[in-house]
Amino acid sequence: MALDYNSNCYIFDFDGTVIDSNLLKRNALVDYGFSLGLTEIEVLEVLSHNKDRYETISLYHEKKGTSLDKTTYQKFDNELFSILKNASYIDGAREFIRRLSYQGKSLYLVSLTPNEQLQRIVGELDLHKYFCQVRGTSNKCQTVKDILNIEGDALMIGDQLSDYKIAESLSLSFLGVCSPGSSLTLGGNIVRSFKFLNF
């Protein structure tokens, strides 16, 4: 892939790319599994499926022979929201997003976080104003394709190997973020901070 940081369109992942939340989410899910009386092996086996939070908690309950009701899930979701709204930004991320927005760039936020939850936390962080769209999706690749139908080309920014593979499959330039919980290794076009990037 040709590496072109000077794009007119930027597609950001959210967790681990904009806010330092990967480990916060994982720890909350681990604690929930333990609260049901699951063993460490059972919890890790469920987490290895890399499902969204609702599916993960549902799998925990299946292992215990119980069902997940709406009230229980909402309680967990509210507790997680309270944690995430106080999460730190990835170094320089908010300033970087603001700078690109002021330059007239088209910015999109695409995450595997369920849309309702994503909209809630992005609203709490007052980030909506910088993005053309904020989209929680179960199919990130298709959502990126939809954006390309509007924009034509983009630079994709994410913290997971799956993000890189989407960019590669669509011939997009990619900037990786090596943050806690990331599956990327520092080096080349993979950074820990947005502070010293010149776009």
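Everything below is about the structure printed above this text.
Summarised in this report is the structure supplied together with it. (Residues numbered from 1 in each chain as written. Predicted model: local features only at pLDDT ≥ 70, side-chain atom pairs only at ≥ 80, totals over all residues. Heavy atoms only, no water.)

A few points about the packing of aromatic side chains
For step 1, the next point in the chain: According to the stated counting rule, one finds seven aromatic pairs in the structure shown.
For step 2, the next point in the chain: An angle of 20° between the planes, with centres 6.3 Å apart, marks the rings of Tyr-32 and Tyr-60 as stacked. Taken together, the positions of Tyr-32 in helix H1 (residues 22–35) and Tyr-60 in helix H3 (residues 53–64) put the pair 28 residues apart, joining distant regions of the chain. Across the pair, Tyr-60 and Tyr-32 agree in class, each one buried. (Phe/Tyr/Trp six-rings, centres within 6.5 Å; stacked < 30°, edge-to-face > 60°. Helix = DSSP H or I, 4+ residues; strand = E, 2+ residues; numbered from the N terminus. Buried < 20%, exposed > 50% of the residue type's maximum accessible area, 1.4 Å probe, protein only.)

Things to note about the environment of Ala-154
For step 1, the next point in the chain: For Ala-154, the location among the structural elements is in the loop between helix H7 (140–151) and strand E4 (155–158).
For step 2, the next point in the chain: Sequence separation of Ala-154 and Asp-126 is 28 residues, and the distance between their C-alpha atoms is 24 Å.
For step 3, the next point in the chain: Ignoring sequence-local partners within four residues, the contact set of Ala-154 consists of Ser-7, Cys-9, Ile-11, Leu-148, Leu-172 and Ser-173. (Contact = heavy atoms within 4.5 Å.)

Considering the sheet that holds strand E1 (residues 9–12)
For step 1, the next point in the chain: In spatial order, the strands read E3-E2-E1-E4-E5-E6; together these six strands make up an open sheet with parallel pairing. Strand pairing shows two members of the sheet lacking a second neighbour, strand E3 (133–136) and strand E6 (190–191), which therefore form its edges.
For step 2, the next point in the chain: In this structure, E1 lies alongside E4, joined through three bridges in parallel fashion. Its bridge partner lying in E4, Ile-11 is registered against Met-156. (Pairing = 2+ DSSP bridges.)

Describing helix H2 (residues 40–47)
For step 1, the next point in the chain: For H2, the complete set of buried residues consists of Val-43, Val-46 and Leu-47. Taken down its axis, H2 places every buried residue within 100° of arc, on the same side.
For step 2, the next point in the chain: Of the surrounding elements, those touching the buried residues of H2 are H1 and H3. (Arc of directions from axis to C-beta.)

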